[in-house]
Amino acid sequence: MRPTVVVAGSLNMDFLVRTKHLPAPGETVLGHGFQMIPGGKGANQAVAAGKLGAGSVTVKMIGRVGMDLFADHLKASLASAGVDVNAVHASRSQPTGVALIAVDTAGQNQIVVASGANNDLAVGDVEAMRRVMKGARIALFQLETPLATVAASLKMARKEGVRTILDPAPAQPLQPELLQTVDILTPNETEAFMLLGRPAERIALSDAPAVAAAVAALGAHIVVLKLGDQGCFFHGARESYHVPGFRVEAVDSTAAGDTFNAGLAIALAEGAPIGDALRFANAAAAISVTRMGAQASAPGRAEVDLLVAR
């Protein structure tokens, strides 16, 4: 029987536009290349996992959409990547979530999210999630659904013996009680400093061990600090080390972190050692930033394997 990865989280329709530079507060800039693309951190991770685990891992999505045209597009995108959408349910009270994304010529982005139906993924739904989680090897979570639901879902997954991975995005403070239910926490630089209550800054590789250790002290069992083109830094109970990234020409960083988490989950579900899983995740994320969009940028398994072997 194939191992299962479950993704519990958000589904959004992304409205993306390219621009020469990102607007400052109060500034209007001209853009071009408008696209409407399926997104949401949960759905992005599920689609990427579906593509990366095709033929070897079963991927299931838990989430909420509205009763509108966007919902059909989002579910179709998931299904086309081989993701089981039986636990993606419609909300009568909220529209499907949307995200407004601007991307500059350097590949950096600004994102504003209107969560909509994602806010209807409630604590009361957690018991119904149990049957989806039962027997799964890995469960992926993010913070675009209500925090109370994430906390309850993490506890339930741990009780079911599922290894939990939390992407603490969008960045926000988290209580130790929640972090203690996380097996692997995967913050980027902004999210790490938010957890620590410090102003965000670029992390030099020499500072990564101290930052990762400080985040781990908050409660998570393992911290994987995502460092963009520098790769990532692993901090566990017995060892810490840097896993280098791959040199590529970035055009859009949207969903790179989601693709990283998906790659990590798939590799671990297949039984890879953590170091190999992190290299695989780095490769998947590196390929994703060479393409526009969120789910559309997620690579297939063969091209990631080729980059890893390089």
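Attention here is on the structure that accompanies the text. (Residues numbered from 1 in each chain as written. Predicted model: local features only at pLDDT ≥ 70, side-chain atom pairs only at ≥ 80, totals over all residues. Heavy atoms only, no water.)

A word on the overall build of the protein chain. Helix and strand counts for the protein chain come out as 10 helices and 13 strands. For 310 residues, the compact-globule estimate of 2.2 N^0.38 gives 19 Å, and the protein chain sits close to it at 18 Å. With the principal axes as the frame, the protein chain shows a C-alpha extent of 50 × 45 × 40 Å. When contacts within the protein chain are restricted to residue pairs at least 6 apart in sequence, those whose partners lie at least 24 apart make up 68%. Surface summary for the protein chain: the accessible area is close to 13,100 Å², and the carbon and sulfur share equals 55%. Computed over 26 positive and 27 negative side-chain charges, the inter-centroid distance for the protein chain is 6 Å. (Helix = DSSP H or I, 4+ residues; strand = E, 2+ residues; numbered from the N terminus. Rg over C-alpha atoms; globule rule 2.2 N^0.38 Å. Contact = heavy atoms within 4.5 Å. Areas by Shrake-Rupley, 256 points an atom, 1.4 Å probe, with all protein chains shown as cover. Lys, Arg positive; Asp, Glu negative; His and termini not counted. Charge placed at Lys NZ, Arg CZ, Asp CG, Glu CD.)

With that settled, the discussion passes to the packing of aromatic side chains. Tallied over the full model, the rule gives three aromatic pairs. Judged by centre distance (6.2 Å) and plane angle (15°), the rings of Phe-15 and Phe-34 are stacked. You can see Phe-15 sitting in strand S2 (residues 12-19) and its partner Phe-34 sitting in strand S3 (residues 31-39), a full 19 residues away along the chain. Judged by its relative accessible area of 55%, Phe-34 falls in the exposed class. (Phe/Tyr/Trp six-rings, centres within 6.5 Å; stacked < 30°, edge-to-face > 60°. Buried < 20%, exposed > 50% of the residue type's maximum accessible area, 1.4 Å probe, protein only.)

Taken as a whole, the largest pocket encloses approximately 1,500 Å³ of empty space. Forming the walls of the largest pocket are 47 residues, and the residues nearest its centre are Asn-109, Asn-188, Ser-253, Ala-256 and Gly-257. When residues of the lining of the largest pocket are traced back to their parent elements, those giving at least two are S2, helix H1 (41-52), strand S6 (97-103), strand S7 (109-114), helix H6 (189-196), helix H8 (256-269) and helix H9 (274-288). Of the residues that constitute the lining of the largest pocket, the class distribution is 19 nonpolar, 16 polar and 12 charged. (1 Å grid on protein atoms, 1.4 Å probe; cavity = no way out; pocket = protein on both sides within 12 Å on 5 of 7 lines; lining within 4 Å. Points joined across faces, edges and corners; volume = space filled by probe spheres on them. Nonpolar A, V, L, I, M, F, W, Y, C, P; charged D, E, K, R; others polar.)

Another point: the packing of H9 against helix H10 (residues 301-308). The geometry of H9 relative to H10 is characterised by a closest axis approach of 9 Å and an angle of 115° between their N-to-C directions. As for the relative orientation of H9 and H10, their crossing is right-handed in sense. Counting all contacts with H9, which are made through Arg-279, Phe-280, Ala-283, Ala-284, Ala-286 and Ile-287, the residues of H10 involved are Arg-301, Glu-303, Val-304, Asp-305, Leu-307 and Val-308. Considering only residue class, the contact of H9 with H10 consists of eight nonpolar, no polar and four charged. (Axes fitted to C-alpha atoms, helices over the stretch in contact; angles between N-to-C directions. Left-handed = near helix turned anticlockwise from the far one by under 90°.)

This next bit is on the nonpolar core. Judged by nonpolar contacts, the single largest core of 52 residues is most densely connected at Val-5, Leu-78, Leu-264 and Leu-278. Broken down by element, this core gets its largest block of residues, 10 residues, from H9. The residues touching Leu-78, leaving out its near neighbours within four places in the chain, are Leu-11, Ala-43, Ala-46, Val-47, Met-61, Val-83, Val-85 and Val-88. In this structure, Leu-196, Ala-208, Ala-216 and Ala-220 belong to the second largest nonpolar core, which totals 39 residues. (Core = buried A, V, L, I, M, F, W, Y, C linked by side-chain atoms within 4.5 Å.)

On the secondary structure map, Val-162 appears in the loop between helix H4 (147-159) and strand S9 (163-166). Spatially, the C-alpha atom of Val-162 lies 17 Å from that of Gly-42, the residues being 120 residues apart in sequence. If we ignore the near neighbours within four places in the chain, the residues touching Val-162 are Met-133, Ala-136, Arg-137, Ile-138, Ala-139, Ala-157 and Asp-183.

Take the pairing of S9 next. The pairing of strand S8 (residues 138-141) with S9 spans four bridges and is parallel. Within S9, the residue paired with Ala-139 across the bridge is Thr-164. On the question of chirality, the crossover connecting S8 to the parallel S9 by way of H4 is right-handed. (Pairing = 2+ DSSP bridges. Right-handed = clockwise from strand over helix to strand, strands pointing away.)

What follows deals with H1. Here H1 contains 12 residues, and its C-alpha end-to-end distance of 16 Å stays within 8% of the 16 Å for a straight helix at 1.5 Å per residue. A large share of H1 lies buried, amounting to 11 of its 12 residues. All buried positions along H1 are accounted for by Lys-41, Gly-42, Ala-43, Asn-44, Gln-45, Ala-46, Val-47, Ala-48, Ala-49, Gly-50 and Leu-52. (Expected span 1.5 Å × (residues − 1).)

What follows is about the sheet that holds strand S11 (residues 222-226). One open sheet accounts for nine strands, arranged S5-S4-S1-S8-S9-S10-S11-S12-S13; its pairing is mixed. Pairing within the sheet leaves two strands with one partner each, and these edge strands are strand S5 (84-90) and strand S13 (240-243). Pairing of strand S10 (residues 184-185) with S11 involves two bridges; the strand directions are parallel. Bridging from a neighbouring strand, Leu-185 pairs with Val-223 of S11. In the packing of H1 onto the sheet, the strands contacted are strand S1 (4-8), strand S4 (58-65) and S8, and the crossing angle to S4 comes to about 160°. Where H9 meets the sheet, its contacts fall on S10, S11, strand S12 (232-235) and S13, and the angle it forms with S13 comes to roughly 30°.

Attention now moves to the pairing of S1. For a regular strand, the rule is simple: side chains alternate between the two faces of the sheet. Among the five residues that make up S1, five are buried, leaving the element largely enclosed by the rest of the structure. Judged by which residues are buried, S1 turns out to be covered on both faces: Thr-4, Val-6 and Ala-8 on one side and Val-5 and Val-7 on the other are all buried. Bridge analysis of S1 against S8 gives four bridges, and the strand direction is parallel. Each bridged residue has a counterpart across the sheet, and for Val-7 the counterpart in S8 is Leu-140.

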